[in-house]
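Below are the chains, spelled out letter by letter.
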Amino acid sequence: MYKTQVGANIEDAKHILEQAELVAIPTETVYGLAANGLDPQAISRIYEVKKRPQFNPLILHVSGLDQMKKLVLNIPMVFQKLIAHFSPGPITYLLPKSKLVPELVTAGSEMVAVRIPDHPLTLSLLSSLDFPLAAPSANISGYVSPVSASHVLSGLSGLVPYILDGGLCKVGLESTIIGFENKRIQIHRMGAITKEQIELVTGMPVEITLAHENPSAPGQLKSHYATKKPFLLGNVEDLLILHKGKKIGVISFKDSYQSCELAKQLILSPTGDLRIAAANLFSAMRDLDQSDVDMIIAEPVPLEGIGHAINDRLERAAYTD
Ligand code: TXA
Ligand code: MG
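Residues numbered from 1 in each chain as written. Chains lettered and ligands numbered in written order. Predicted model: local features only at pLDDT ≥ 70, side-chain atom pairs only at ≥ 80, totals over all residues. Heavy atoms only, no water.

**Remarks on the site of ligand 1**
- In the neighbourhood of ligand 1, 25 residues make up the surrounding shell, with Thr29, Asn56, His61, Met111 and Ser175 lying closest.
- Separating an oxygen atom of ligand 1 from a side-chain N or O atom of His61 is a distance of 2.6 Å.
- Between ligand 1 and Arg115, the relevant distance is 2.9 Å, taken from an oxygen atom to a side-chain nitrogen or oxygen of the residue.
- Protein burial of ligand 1: of its 680 Å² of free accessible surface, 94% is covered by the chains.
- At the level of secondary structure, the elements contributing two or more residues to the shell around ligand 1 comprise strand E4 (59-61) and strand E6 (111-115).
- Here the shell around ligand 1 takes 4 residues from E6, the largest share from any one element.
- The residue makeup of the shell around ligand 1, split by class, is 13 nonpolar, 8 polar and 4 charged. (Near = heavy atom within 4 Å. Polar contact = N/O pair within 3.5 Å; in protein donor to acceptor, adjacent residues only side chain to side chain. Areas by Shrake-Rupley, 256 points an atom, 1.4 Å probe, with all protein chains shown as cover. Helix = DSSP H or I, 4+ residues; strand = E, 2+ residues; numbered from the N terminus. Nonpolar A, V, L, I, M, F, W, Y, C, P; charged D, E, K, R; others polar.)

Take a look at the structure:
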């Protein structure tokens, strides 16, 4: 057990990481649970603390293109274009791994996921280190990703020595993950960088091949981001009638609903701005999960831009076997 410290001291974070221990780091998407990405012993601590199945590989975080080049065999031209355009930013590239990358990072795959996060504290931490940081989201496996230091603390207090506090995550949803196979670009996880944006920059059509629809692909379990309280997705008014008599918490996109069953209501963006809705989603899910409601009802958001990624997270939170 640790007495978990929360602070903004990059030197402290660097020192702990150099001792092969874990530090939670802020990024623009969600907080990450970071370890030396070249040290199998440090990496295995991540799996242990998160209770993450070892078949689910990790993303390596780097400060820039030079550090990225050491971890991969090559970077296709289209990805170089995307990196120049979107990185640092909420996008992760699947690339053939170099010998430097331990198998524990990729769960045995020949491909490694790499990204340059857009957060000033973490970027300067990364530039001060001579290794990349392996980092999954800083939550116990399967729970809602954290978008603040206090979210991290609520799940990992006592389990990590240090949380680098970089404030609220601007984007609030995990990065878009893309691959390049058979000369085509695939989106494996939807995020803030959209299919349309990638098509515009590359001039190529982009396929959406969400990994959880392909049982042979690692990670991306269908049920994920789950609250402890039952989570229902659909038409709010219908669901409120269906569950009459229960104490209900509602997450709506921009509208306010009236009903006596409604114990608590969180509106993601009263002005109907999808980016604001994305930034507020995980806090809203955690907030209602911790309140005294019996169940959480949410509605899908409009299917445009980052709305695809928001609905993906909502569907997976609502998924039951
Ligand atoms: O925004 C993000 O990507 C955040 C921040 C912390 O960077 N990280 C994050 O990590 O969401 P995690 O571990 O929660 O999700 C990473 C996803 C998993 O679904 C994993 O299966 C996939 O990336 N992934 C990682 N390496 C892979 C690989 N080599 N091949 C296929 N999928 C991979
Ligand atoms: Mg995660």
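**Quick word on the sheet that holds strand E8 (residues 162-164)**
- Strands sit in the order E1-E8-E2-E3-E7-E4-E6-E5-E9-E10-E11 across an open sheet of 11 strands; the sheet is mixed. With partners counted over all chains shown, the strands left at the sheet margins are strand E1 (5-7) and strand E11 (206-208), one partner each.
- When strand E10 (residues 184-189) meets E11, the two strands line up parallel, connected through 3 bridges. By the bridge assignment, Gln186 is partnered in E11 with Glu207.
- Each of strand E5 (91-96) and strand E9 (176-181) is contacted by helix H4 (residues 77-86), which is oriented at about 155° to E5, the strand it contacts most. (Pairing = 2+ DSSP bridges. Contact = heavy atoms within 4.5 Å. Axes fitted to C-alpha atoms, helices over the stretch in contact; angles between N-to-C directions.)

**Here's the deal with the environment of Leu164**
- Secondary-structure assignment places Leu164 in strand E8.
- Take Leu164: its relative accessible area is 0%, and that puts it in the buried class.
- Spatially, the C-alpha atom of Leu164 lies 6.1 Å from that of Val6, the residues being 158 residues apart in sequence.
- Dropping the residues within four chain positions of it, Leu164 is found in contact with Gly7, Ala8, Asn9, Ile10, Ala13, Val23, Ala24, Ile25, Pro26, Tyr31, Leu121 and Leu125. (Buried < 20%, exposed > 50% of the residue type's maximum accessible area, 1.4 Å probe, protein only.)

**Some details on the confidence of the model for the chain**
- Across the chain, the average pLDDT comes to 95, with 96% of residues at or above 70.
- Throughout residues 214-219 the model reports pLDDT below 50, and contacts reaching past four residues in sequence, or to other chains, amount to 7 contacts. (pLDDT = per-residue confidence, 0-100.)

**Quick word on the pairing of strand E15 (residues 295-298)**
- Here E15 shows a buried face lined by Met295 and Ile297 and a second buried face lined by Ile296 and Ala298.
- Judged from the 3 bridges that link them, strand E12 (residues 231-233) and E15 form a sheet pairing that is parallel. From the neighbouring strand, Phe231 faces E15, where its bridge partner is Ile296.
- Pairing analysis gives 4 bridges linking strand E13 (residues 248-252) to E15, with the strands arranged parallel. Residue Val250 lies in a different strand from E15, and its bridge partner there is Ile297.

**A closer look at helix H1 (residues 10-18)**
- Of all the residues in H1, the buried ones are Ala13, Lys14, Ile16 and Leu17. One face of H1 carries all of its buried residues, which in axial projection span an arc of 165°.
- Looking at the buried residues of H1, the elements they touch are strand E2 (23-25), strand E3 (32-36), helix H6 (120-128), strand E7 (133-134) and E8.
- Here H1 starts with a cap whose side-chain oxygen sits 2.9 Å from the backbone nitrogen of Glu11, and that cap is Asn9.
- At the exit of H1 stands Ala20, carrying a positive phi of roughly 70°. (Arc of directions from axis to C-beta.)

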